[in-house]
Amino acid sequence: QVQLVESGGGLVQAGGSLRLSCAASESIFSMGWYRQAPGKQREFVATITTGGRTNYADSVKGRFTISRDDAKNTVYLQMNSLEPGDTGVYYCYADKRSRYGSFDYWGQGTQVTVSS
């Protein structure tokens, strides 16, 4: 079982910044972030693989940057120029691949609130 520990959420004004962190208990092939606003479906935000390949949702391109520190099994999400539409619970995601298949893991979620 992979454990994911998230931190960095909070309340900021529009235009502000936050940095989310997610530490995994072991090395993970792909890690990233999803978010969910009240009454909405959980949506993809960004992912990054061990090889450094990144993918971003169109809504956050140019504002968010995902990175990882493989020595610490940690992924980061630097969020700049935050907008009220970025408000939601952000969930760390891990895609672990093994000989038995691919397994998905989720963090507990951290609240991000952007005020106008």
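Shown above is the structure to which this text applies.
Because the structure is predicted, anything quoted here is derived from the model rather than measured.

Asker: Just checking my understanding: could you explain the overall build of the protein for this structure?
Answerer: Along the protein, the regular secondary structure elements total 0 helices and 11 strands. Element order for the protein, N to C, with α for helix and β for strand: β-β-β-β-β-β-β-β-β-β-β. Whereas a compact globule of 116 residues would reach a radius of gyration of roughly 13 Å, the protein reaches 14 Å, a difference of no more than 12%. Expressed along its principal axes, the backbone C-alpha trace of the protein runs to roughly 45 × 25 × 25 Å. Counting all 116 residues of the protein, 41% fall into the buried class. Nonlocal contacts in the protein, meaning residues at least 24 apart in sequence, comprise 53% of its contacts between residues at least 6 apart. In the structure as shown, the protein presents an accessible area of about 6300 Å², 45% of it carried by carbon and sulfur atoms.

Asker: Can you help me understand the pattern of salt bridges in this one?
Answerer: Between side chains of opposite charge, a pair can form as their charged atoms come close. A complete count under the given rule lists 8 salt bridges for this structure. Where Glu26 meets Lys96, a salt bridge forms, and the shortest distance between an N and an O atom there is 3.5 Å. Linking Glu26 in the loop between β3 (18-24) and β4 (30-36) with Lys96 in strand β9 (residues 88-98), this pair joins segments that are 70 residues apart in sequence. For Glu26, a relative accessible area of 28% translates into the label partly exposed.

Asker: What is the right way to look at the packing of aromatic side chains in this model?
Answerer: Any aromatic ring pair is given by two values, namely how distant the centres are and how the planes are angled relative to each other. With the rule as written, the count across this model stands at 4 aromatic pairs. Aromatic side chains Tyr34 and Tyr93 sit 5.4 Å apart centroid to centroid with 65° between the ring planes, which places their arrangement in the edge-to-face category. You can see Tyr34 sitting in strand β4 and its partner Tyr93 sitting in strand β9, a full 59 residues away along the chain. What makes Tyr93 buried here is its relative accessible area of 10%.

Asker: I keep staring at the sheet that holds β3 and nothing clicks. Help me out?
Answerer: Two modes of strand pairing occur in sheets, parallel and antiparallel, and in both the strands are linked by backbone hydrogen bonds. Read from one edge to the other, the open sheet built from 4 strands follows the order β1-β3-β8-β7, with strand pairing classed as antiparallel. The open sheet is flanked by β1 (4-7) and β7 (64-69), the only strands paired with a single partner. Geometrically, the sheet is characterised by an average inter-axis angle of 15° between neighbouring strands, direction not taken into account. Relative to β3, β1 is paired through 4 bridges, and the arrangement is antiparallel. Within β3, the residue paired with Val5 across the bridge is Ala23.

Thresholds, definitions, all that
- Residues numbered from 1 in each chain as written.
- Predicted model: local features only at pLDDT ≥ 70, side-chain atom pairs only at ≥ 80, totals over all residues.
- Heavy atoms only, no water.
- Helix = DSSP H or I, 4+ residues; strand = E, 2+ residues; numbered from the N terminus.
- Rg over C-alpha atoms; globule rule 2.2 N^0.38 Å.
- Buried < 20%, exposed > 50% of the residue type's maximum accessible area, 1.4 Å probe, protein only.
- Contact = heavy atoms within 4.5 Å.
- Areas by Shrake-Rupley, 256 points an atom, 1.4 Å probe, with all protein chains shown as cover.
- Salt bridge = Lys/Arg side-chain N within 4 Å of Asp/Glu carboxyl O.
- Phe/Tyr/Trp six-rings, centres within 6.5 Å; stacked < 30°, edge-to-face > 60°.
- Pairing = 2+ DSSP bridges.
- Axes fitted to C-alpha atoms, helices over the stretch in contact; angles between N-to-C directions.

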